[in-house]
Amino acid sequence: YDYCFMPVPLKDLGGTPNEDDLPLGLCEGDCDNDSDCAGSLVCFLRHDGDIPPGCIGMGFTSYDYCFMPVPLKDLGGTPNEDDLPLGL
């Protein structure tokens, strides 16, 4: 299936972000652990240039980025009229 999402560009704040930039926002990096990220955001530890869900862009290969882990909602191959339009 395909899913709806709102793309956010990756934003690089350096390998060691300034204290003024912490906590990091959505699709911002470089984070080292979840406590570097704001609120309920989670640090996405990248492998081989993976892009965090909901983010777009290439980013720096060795940087990790904060993202919002949102469970996918499976409405089947043909959603009911009541489920349309689809949300995030």
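Read on for a plain summary of the structure.

Reading the values: the criteria
- Residues numbered from 1 in each chain as written.
- Predicted model: local features only at pLDDT ≥ 70, side-chain atom pairs only at ≥ 80, totals over all residues.
- Heavy atoms only, no water.
- Core = buried A, V, L, I, M, F, W, Y, C linked by side-chain atoms within 4.5 Å.
- Buried < 20%, exposed > 50% of the residue type's maximum accessible area, 1.4 Å probe, protein only.
- Contact = heavy atoms within 4.5 Å.
- Helix = DSSP H or I, 4+ residues; strand = E, 2+ residues; numbered from the N terminus.
- Lys, Arg positive; Asp, Glu negative; His and termini not counted.
- Salt bridge = Lys/Arg side-chain N within 4 Å of Asp/Glu carboxyl O.
- Disulfide = S-S within 2.5 Å.

With that settled, the discussion passes to the nonpolar core. In terms of nonpolar packing, the biggest core is built from six residues, these being Leu-24, Cys-31, Cys-37, Leu-41, Cys-43 and Cys-66. When near neighbours in sequence (up to four residues on either side) are disregarded, Cys-66 contacts Leu-24, Gly-25, Leu-26, Cys-27, Glu-28, Cys-31, Asp-36, Cys-37, Leu-41, Val-42, Cys-43 and Cys-55. Listed in part, the five residues of the second largest apolar core include Cys-27, Cys-55, Tyr-63 and Tyr-65.

It is worth spelling out the side chain of Asp-30 at this point. Summarising the element assignment, Asp-30 is placed in the loop between β3 (28–29) and β4 (42–44). Arg-46 is the oppositely charged side chain nearest to the buried, salt-bridge-free Asp-30, at an N-O distance of 7.5 Å. In this view, Asp-30 contacts Gly-14, Gly-15, Pro-17, Leu-24, Ser-62, Tyr-63 and Asp-64; residues no more than four positions away in its chain are not counted.

As a further point, take the state of the cysteines. What the rule picks out here adds up to three disulfides. Each sulfur in the disulfide pair Cys-27 and Cys-55 lies 2.0 Å from the other. Here the S-S torsion is close to -90°, and the disulfide linking Cys-27 with Cys-55 is therefore left-handed. In this pair, Cys-27 sits in the loop between β2 (11–12) and β3 while Cys-55 sits in strand β5 (residues 55–56), placing the two residues 28 residues apart along the sequence. Taking relative accessible area as the criterion, Cys-27 reaches 1% and is therefore assigned buried.

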